[in-house]
Amino acid sequence: MKSYFKKEMALLLTLLALTAGCGREAPPAEEGKIPVAASFGAMEKLTEAIGGDAVSISVMVPEGIEPHDFEPRAGDLIRLKQARVFVYNGMGMEHWAEKALQSAGAENQVVVRASENVVPIPLEDEEEREEHGDYDPHTWLGLSEAKEEALAIRDGLIAASPENRDLFMKNYDTFAKDVDSLQQEYREKLAKAPRKELVTGHAAFGYLARDFSLTQESVEDAFATGEPPARKLVELIRFCRAHQVKTIFTEEMMDPALARTLASEAGASAETLSTLEEPGSESYLDTMRDNLEKIDKALN
């Protein structure tokens with residue numbers, strides 16, 4: 001049965017390679033650069049910080065789709081097969097990754113599970129556990145955790161291209177120092193904040209909250225796509241009123257009109273934090289600095 005599946009997949013990949021004009025495509029890797037497939041936006045940005053001009057990155061999850069909702073098409077498997085390095089977060093974020101790797105069958109490919117050495121946060125909410133598994137997968141949104149992920153990416157790139165070792169080592173050292181500097185700056189600022197509760201529509205900032213000794217309060221599904229349950233909306237409004245919350249944070253892919261209405265009812269304002277799940281033009285550090293500036297303003 002396994003042999004039959006492999007033959008069928010090989011045939012499908014061959015046919016799709018001959019009809020490459022159909023479906024999602026990514027630009028070919030630039031000549032002379034290491035072709036890297038990154039699972040989603042955050043992995044792209046961390047790889048970009050370490051790989052610099054030596055890498056050509058293709059992001060697998062397209063804009064507008066959440067990484068855990070993504071289902072690879074055969075064209076995506078072709079791009080994955082062509083990459084010398086595949087970088088994914090792990091920790092249950094990309095449920096599709098292992099099967100995609102098996103189906104693509106790339107030889108001598110370096111696979112980097114970026115969260116491998118991150119100390120995980122156990123999930124207590126049953127719905128979250130059903131969706132992600134035992135641990136919070138949003139590891140890259142903590143600065144300490146992002147530094148660990150960048151280290152794993154550095155080692156993976158060195159394994160794939162030892163001739164660029166000095167470049168990757170230098171880029172990582174620069175990135176790590178910048179992360180430490182940003183973390184120290186906001187640790188001092190947030191330590192003085194009168195509020196410590198970070199109110200979000202989705203519990204994506206647990207690692208950032210842990211890094212800065214904040215408490216993340218979220219009402220799952222309150223800002224979800226579609227019509228959220230009325231009970232969730234009432235719950236969030238009551239919480240914000242009781243705790244005199246000034247700002248409710250949402251994410252890029254959530255309905256801004258709903259966020260504004262909820263914030264108005266709760267006597268708060270609505271603000272967007274980036275989860276870096278979608279591809280973007282700003283660097284990892286620039287995006288996280290913007291997030292922290294918004295959080296600092298909301299808690300003071």
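Residues numbered from 1 in each chain as written. Predicted model: local features only at pLDDT ≥ 70, side-chain atom pairs only at ≥ 80, totals over all residues. Heavy atoms only, no water.

This brings us to the nonpolar core. With 66 residues, the main nonpolar core has Met43, Val85, Phe86, Trp140, Tyr284 and Ile295 as its most contacted residues. Excluding its chain neighbours within four sequence positions, the residues that come into contact with Val85 are Ile34, Pro35, Val36, Ala37, Gln109, Val110, Val112, Leu157 and Ala160. The next biggest cluster of nonpolar side chains, apart from the first, holds 12 residues, and it includes Phe239, Ile248, Ala263 and Ala266. (Core = buried A, V, L, I, M, F, W, Y, C linked by side-chain atoms within 4.5 Å. Buried < 20%, exposed > 50% of the residue type's maximum accessible area, 1.4 Å probe, protein only. Contact = heavy atoms within 4.5 Å.)

Turning to the packing of aromatic side chains, a few remarks are in order. Tallied over the entire structure, the rule returns 5 aromatic pairs. The interplanar angle of 80° and the centroid separation of 4.9 Å between the aromatic rings of Phe70 and Trp96 together place this pair among those described as edge-to-face. Taken together, the residues span a long stretch of sequence, with Phe70 in the loop between strand S2 (55–59) and helix H3 (74–82) and Trp96 in the loop between strand S3 (85–88) and helix H4 (97–104) at a distance of 26 residues. Consider the rings of Phe86 and Tyr88, whose centres lie 5.4 Å apart with planes at 5°: the pair is stacked. With respect to burial, Phe86 and Tyr88 carry one shared label: buried. Chaining the aromatic ring pairs together yields one cluster made of Phe70, Phe86, Tyr88 and Trp96. When the ring centre of Tyr186 is taken as origin, the NZ or CZ atom of Lys189, which lies over that ring, is 4.6 Å away. (Phe/Tyr/Trp six-rings, centres within 6.5 Å; stacked < 30°, edge-to-face > 60°. Helix = DSSP H or I, 4+ residues; strand = E, 2+ residues; numbered from the N terminus. Lys NZ or Arg CZ within 6 Å of the ring centre and 35° of its normal.)

Another aspect to go through is the pattern of salt bridges. Applying the stated criterion across every chain yields a total of 10 salt bridges. A salt bridge links Asp76 to Arg79; its shortest N-O distance comes to 2.8 Å. Taken as a pair, Asp76 and Arg79 lie in helix H3 at a separation of 3 residues, close to a single helical turn. Assessed through its relative accessible area of 14%, Arg79 is described here as buried. Arg210 is the partner of Glu145 in a salt bridge, and the nearest nitrogen-oxygen pair spans 2.9 Å. Here Arg210 lies in helix H8 (residues 206–211) and Glu145 lies in helix H6 (residues 143–160), a separation of 65 residues in the sequence. Classification of Glu145 by relative accessible area gives buried; the value is 5%. (Salt bridge = Lys/Arg side-chain N within 4 Å of Asp/Glu carboxyl O.)

The next subject is the pairing of strand S4 (residues 110–113). A one-sided burial pattern is seen for S4, the buried positions being Val110 and Val112 and the unburied ones Val111 and Arg113. Here S3 runs beside S4; their pairing, made up of 4 bridges, is parallel. The residue bridging Tyr88 from the neighbouring strand is Arg113, located in S4. After leaving S3, the chain enters H4 and then returns to the sheet as S4, a path that is right-handed. (Pairing = 2+ DSSP bridges. Right-handed = clockwise from strand over helix to strand, strands pointing away.)

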